[in-house]
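Residue-level structural notes
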Amino acid sequence: MHAIILAGGMGTRLRPLTNTIPKPLMPLANMPFVDRVIRYLAGHGVERVTLALGYQADCFKRHIARTKYPIDVGYVVEDEPLGTGGAVRLAARDREEQVVVMNGDILTDLDLAAMIASHVQRGADISISLKRVADPSRYGLVLTGADGTVLGFVEKPGSGEAATDEINAGIYFFEPWVVGEIPISGSCSLERELFPTLIDRGARVIGYRQNCYWNDLSTPDDYLLAHRDILRRAISADVPGNKVNGTWIGEGVEISPRAEVEAPAVIGDGCHIAAGAHVGRYSVLGRGTVLARRARVERSVVWERNRLEEDCRLSGAILGDGCVVYPEVELPEGAVCASGTRIPAKSHSVREAAGAGAVAIGDGRHSGTGVQGVRQLSSSR
Ligand code: GTP
């Protein structure tokens, strides 16, 4: 079976992290997210994956070249964004077979085999996975009839205006002929253009419901929640390292006997944790990260090669690769730091940002030159 992973989006809601790395390559519990998606598909009988790339395609090419996968992994690159439909058209060269299409940013344990079985049993042309959420206002909604037939789509309704709480969960199964209906040139959206057109023409488009874990890693909060859910086993997912007293510990880790680590947490290969330092539960430290004396990390995700100097504090924060947090700096709750940011002690901009909610620090383009400006993260796109 063939699967297409849509991985060409810009991940704007996760800026500034996605200024230097595409969202599907961001680590999730110290493993590139796209590798989790590929493993998930391989575990459900997929034998061949095509990544539909656009934004920062070169990062993907390098990653794929150095990674061993249990199944065939190839890619296509869009010169300009083709939208979710155009990407499928480009990636589905062989139109003779059924195809799974999946957004490249979805963490789920959906039983794909059961979805495909339901597709066959119901004689569907297209099956769309649905997920019921508490606040549908920021998602694309799917309107269905009593028997699950898809009637229409509503894009991101304002709060209180949602006609349903069922959203498009971003996993589809197509009969072979469907791909041939996508216009040959230009951009096309699956949910705004292709699906409504085919419904009008009488295609059998079915919504598939299953009670499963689902998180689309769209925002910093989603990303932190996904880590928390993996660590507390709300979803079963491999975590690199040996599990010791509820914490995953990598190779070559040094933890002072006078440091404190609260489980569950993840400490990547080659991390050093000095005396008096504290790693709170639901924290993840990437490879080669150093916590100096009395540095404190709570509920935070820190990528590789970061240096957290003496007495600094992070809570609910996300740090890209290779940041330096200077002594005594206390990052505001929800801070998101671009890779390569240096956050000097007593930085005015950091202090001013304290208490302001989610703040982005650095822009990822001028690594090593200090705080690049602090701005309120926008929840809009
Ligand atoms: P935001 O910019 O924050 O909305 O994130 P995003 O870029 O991931 O956009 P969105 O969540 O709407 O995209 C859903 C999935 O489709 C993601 O896996 C994207 O990578 C992918 N995607 C969106 N647009 C395109 C496109 O034009 N081409 C390709 N190949 N993939 C796309």
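So, here's what we can say about the structure.

Definitions and cut-offs
- Residues numbered from 1 in each chain as written.
- Predicted model: local features only at pLDDT ≥ 70, side-chain atom pairs only at ≥ 80, totals over all residues.
- Heavy atoms only, no water.
- Pairing = 2+ DSSP bridges.
- Helix = DSSP H or I, 4+ residues; strand = E, 2+ residues; numbered from the N terminus.
- Salt bridge = Lys/Arg side-chain N within 4 Å of Asp/Glu carboxyl O.
- Core = buried A, V, L, I, M, F, W, Y, C linked by side-chain atoms within 4.5 Å.
- Buried < 20%, exposed > 50% of the residue type's maximum accessible area, 1.4 Å probe, protein only.
- Contact = heavy atoms within 4.5 Å.
- 1 Å grid on protein atoms, 1.4 Å probe; cavity = no way out; pocket = protein on both sides within 12 Å on 5 of 7 lines; lining within 4 Å.
- Points joined across faces, edges and corners; volume = space filled by probe spheres on them.
- Nonpolar A, V, L, I, M, F, W, Y, C, P; charged D, E, K, R; others polar.
- Domains from an automatic or database assignment.

Here we take up the sheet that holds strand 23 (residues 307-308). With parallel pairing, the six strands of this open sheet are ordered in space as 14-17-20-23-26-28. Since the sheet does not close on itself, it has two edges, and those belong to strand 14 (254-255) and strand 28 (342-343), each with one partner. Sheet topology note: the strand 17 (residues 272-273)/strand 20 (residues 290-291) ladder contains two bridges and is parallel. Across the sheet, residue isoleucine 273 finds its bridge partner in strand 20, namely leucine 291.

All right, on to the pattern of salt bridges then. Counted according to the given criterion, the structure contains 16 salt bridges. With a shortest N-O distance of 2.9 Å, glutamate 333 and arginine 299 are connected by a salt bridge. Residue glutamate 333 is located in the loop between strand 26 (324-325) and strand 27 (335-337), and its partner arginine 299 is located in the loop between strand 21 (296-298) and strand 22 (301-302); the two are separated by 34 residues in the primary sequence. The network of salt bridges with common partners includes Arg132, Asp165, Glu166 and Arg209.

Right, let's talk about the nonpolar core for a bit. With 62 residues, the main nonpolar core has Leu41, Val49, Leu112 and Ile230 as its most contacted residues. Going through the elements one at a time, strand 1 (2-6), helix 1 (33-42), strand 2 (48-53), helix 2 (57-65), strand 4 (99-103), helix 4 (112-121), strand 9 (166-174) and helix 7 (220-231) are the ones with two or more residues in this core. Broken down by element, the residue count for this core peaks at six residues, all from helix 1. If we ignore the near neighbours within four places in the chain, the residues touching valine 49 are His2, Ala3, Ile5, Ile38, Leu41, Ile71, Asp72, Val73 and Gly74. If you look at the next biggest cluster of nonpolar residues, it comprises 28 residues, including Ile4, Ala52, Phe174 and Ile182.

Our focus in this paragraph is the layout of surface pockets. Taken as a whole, the second largest pocket encloses approximately 640 Å³ of empty space. Along its surface, the second largest pocket is lined by 22 residues, and Leu25, Pro27, Pro32, Arg287 and Glu304 are the ones closest to its centre. For the lining of the second largest pocket, the element with the highest residue contribution is helix 2, accounting for three residues. Classifying every residue of the lining of the second largest pocket by side-chain character gives nine nonpolar, seven polar and six charged. Inspection of the lining of the second largest pocket shows a minimum of three residues originating in each of domain 1 (2-219) and domain 2 (239-376).

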